[in-house]
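# Notes for the structure review
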Amino acid sequence: MDDSSDDKQLFHKSEEAIQPEKTIAAHYDSHPFYVRADEIVLEGILKTTVLGDFVRQQDFSQFLRFIDVGCGGFAKNISFLRRFVLNDQQSMVGTDISLQSLALAQQQHPRANFFQANTERLPFKDNTFDFATATGTLVCMDQPDRGLQEILRIVKPGRYVYLSLYNKENIYYPVYRAAKFLRVLKKRGFEPLIQYFFVPCYAMVYWLANIVFAKKLRRISYREIQMDFYDKFMIPVAKFWNREEAYSLVGDRGQILACKPHYWGMMLGMLIQKKKS
Ligand SMILES: C[S@@+](CC[C@H](N)C(=O)[O-])C[C@H]1O[C@@H](n2cnc3c(N)ncnc32)[C@H](O)[C@@H]1O
C-alpha cells in the first residue's frame, strides 16, 4: 500500500463531516465495533461471501484506490484486502463517524489513511475510488439511500461497491426487535444490569456456539464479545432488507452482479458495479 499517496489532497470539507447521527457516533465511540479479524475470520470471508468470490475472480492490478466506509474499530475489510488484494502501489482509506473506532483502526493499520466522516457526506471528490466496501454501515444510518448515493458518487464509473446489509429474512431480525427491552433498560439507567448480567450470559452462549459451529477454536476475548453484544442488540438504529428491498435500494444506479447471504444468513452481501455513465 502506498501511504505516501495524495489521498489527503482529496479530503475536502472535513469540518462538515461530523455533524448529525450523533447517537450512532456516541454508541460506537463507547463501544467500537472491534472483532479481531484473525486468519479464521479472513478465510471465512474469502470462502463464504460475495466479497470473497469477487476477490478470487477479479484482477485488481489496475485498481489504485480502495476505501472502506464505516470501517469500525478493527477495519476488518482493510485486513481482508491487505491479506488478499493490496500491493504497495495501491492506497487504502478508511472512514467512520466514530473517532474512537478510527483511533483503534489506525493502530491496526498504520499505513492506511483514516478520516472521520458521515457517510451522508463523504469528503472525497467524485469518481475517486476503484473499489469501496461498506459492511454493516448503511444498516445503522437514518438515510441509507443517501449513504449509498454518496458511496456511488466517489466510486469511478464502471468500478465496484461491496455492501453488506442486515438480512430481513433471518432470525436476527425478530431477535433485534425483541431486544428492544435492552435498549429501553439502558435508556432508563439500567446499564449495569446489561454489563453484569446480559453480556456475561451472551458470552457463555457465544463461546459455546463458536466451539460448535466455527469448527476451529478461535481465541475470542471477553472484550470482543462485549463489543459484539453492543453491536448486535444495543445499536439505536438498525435497518433490515429482504432481497427485493436491497435491489430497489440500488435501483438503476448500478448493476447488481451478485447478492447472497452470509454470516449464518444474518447479512446480505451485494456486489454492485457503478454505471459507466
Ligand atoms: C457494525 S459496524 C461495522 C464495522 C465494519 N464495517 C465491519 O464490517 O467490521 C458499523 C460501523 O459503521 C459506522 N457508522 C455508522 N453510521 C455511520 C455513518 N453515518 N457514517 C460513517 N460511519 C458510520 C459505525 O461507527 C461503526 O463503526
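Residues numbered from 1 in each chain as written. Predicted model: local features only at pLDDT ≥ 70, side-chain atom pairs only at ≥ 80, totals over all residues. Heavy atoms only, no water.

Bringing the site of the ligand into the picture now. Near the ligand lie 19 residues; those nearest to it are G70, K76, D96, T119 and T135. In this structure, a nitrogen atom belonging to the ligand sits 2.9 Å away from a main-chain N or O atom of T119. (Near = heavy atom within 4 Å. Polar contact = N/O pair within 3.5 Å; in protein donor to acceptor, adjacent residues only side chain to side chain.)

It is worth spelling out the packing of aromatic side chains at this point. This structure, assessed with the given rule, holds 28 aromatic pairs. Each ring, one from F115 and one from F124, has its centre 5.5 Å from the other, and the planes form 65 degrees; the classification is edge-to-face. The exposure class assigned to F115 is buried, which follows from its relative accessible area of 5%. Its relative accessible area of 0% is what places F124 among the buried residues. Ring pairs connect the aromatic residues F54, F60, F63, F66, F131 and Y160, which therefore count as one cluster. (Phe/Tyr/Trp six-rings, centres within 6.5 Å; stacked < 30°, edge-to-face > 60°. Buried < 20%, exposed > 50% of the residue type's maximum accessible area, 1.4 Å probe, protein only.)

Of all 5 residues that make up strand β1 (residues 65-69), 5 are buried, and the element is covered over most of its length. In the sheet, β1 pairs with strand β2 (residues 91-96) via 5 bridges, with the strands oriented parallel. Paired with R65 across the two strands is S91, which belongs to β2. Taken together, β1, helix α4 (residues 76-84) and β2 constitute a β-α-β crossover, and its handedness is right-handed. Inspection of the sheet shows β1 paired to strand β4 (residues 129-135) by 3 bridges, in the parallel sense. Residue pairing across strands places F66 opposite F131, the latter belonging to β4. (Helix = DSSP H or I, 4+ residues; strand = E, 2+ residues; numbered from the N terminus. Pairing = 2+ DSSP bridges. Right-handed = clockwise from strand over helix to strand, strands pointing away.)

Attention shifts here to the packing of helix α2 (residues 39-48) against helix α3 (residues 50-57). In the contact formed by α2 and α3, the axes pass within 5 Å of each other and the chain directions differ by 80 degrees. With respect to α3, the axis of α2 lies roughly perpendicular. Touching I45, L46, K47 and T48 of α2 are V50, L51, G52, D53, V55 and R56, all from α3. Among the residues forming the contact of α2 with α3, the class breakdown is 5 nonpolar, 2 polar and 3 charged. (Axes fitted to C-alpha atoms, helices over the stretch in contact; angles between N-to-C directions. Parallel < 35°, antiparallel > 145°, perpendicular 65-115°, else oblique. Contact = heavy atoms within 4.5 Å. Nonpolar A, V, L, I, M, F, W, Y, C, P; charged D, E, K, R; others polar.)

So, about helix α5 (residues 99-108). Within α5, the full set of buried residues consists of S101, L102, L104 and A105. Viewed end-on, α5 has its buried residues packed into an arc of 165 degrees, placing them on one side of the element. Structurally, α5 contributes buried residues whose contacts are with α1 (22-30), β2, β3 (113-116) and α10 (222-233). (Arc of directions from axis to C-beta.)

What follows covers the pattern of salt bridges. Evaluation of the coordinates by the stated rule reveals 14 salt bridges. Between R56 and D53 there is a salt bridge; the shortest N-O distance is 2.7 Å. Of this pair, R56 and D53 both sit in helix α3, separated by 3 residues, roughly a single helical turn. A salt bridge links D228 to K232; the shortest N-O distance between them is 2.7 Å. Residue D228 and its partner K232 are located together in helix α10, separated by 4 residues, close to a single helical turn. Accessibility assignment for this pair places D228 and K232 in one class, buried. (Salt bridge = Lys/Arg side-chain N within 4 Å of Asp/Glu carboxyl O.)

Moving on: the pairing of strand β7 (residues 254-262). In terms of strand pairing, β7 meets strand β8 (residues 267-274) through 8 bridges, oriented antiparallel. Residue pairing across strands places I256 opposite I272, the latter belonging to β8. Hairpin geometry of β7 and β8 is characterised by an intervening segment of 4 residues between the two adjacent antiparallel strands and by a positive phi of about 55 degrees at Y263.

Our focus in this paragraph is the side chain of S101. With respect to the helices, strands and loops of the structure, S101 is situated in helix α5. When residues no more than four places from it in sequence are discounted, the contact partners of S101 are Y28, P32, F33, G72, G73 and D96.

Moving on to the domain arrangement of the protein. Under the domain assignment used here, the protein contains domain 1 (6-170 + 238-274) and domain 2 (180-233). The distance between the C-alpha centroids of domain 1 and domain 2 comes to 24 Å. With 16 residues of domain 1 in contact, the opposing surface of domain 2 contributes 14 residues. Per-residue buried area on domain 1 facing domain 2 is highest for H31, R36 and I40; these three make up 35% of the total on that side. The interface formed by domain 1 and domain 2 holds 1 salt bridge in total. Close ionic contact of R36 with E224 constitutes a salt bridge, the shortest N to O distance being 3.3 Å. In this assembly, domain 1 and domain 2 are joined by 4 residue pairs in polar contact (both at pLDDT 80 or more). (Domains from an automatic or database assignment. Buried area = accessible area lost by both parts, 1.4 Å probe.)

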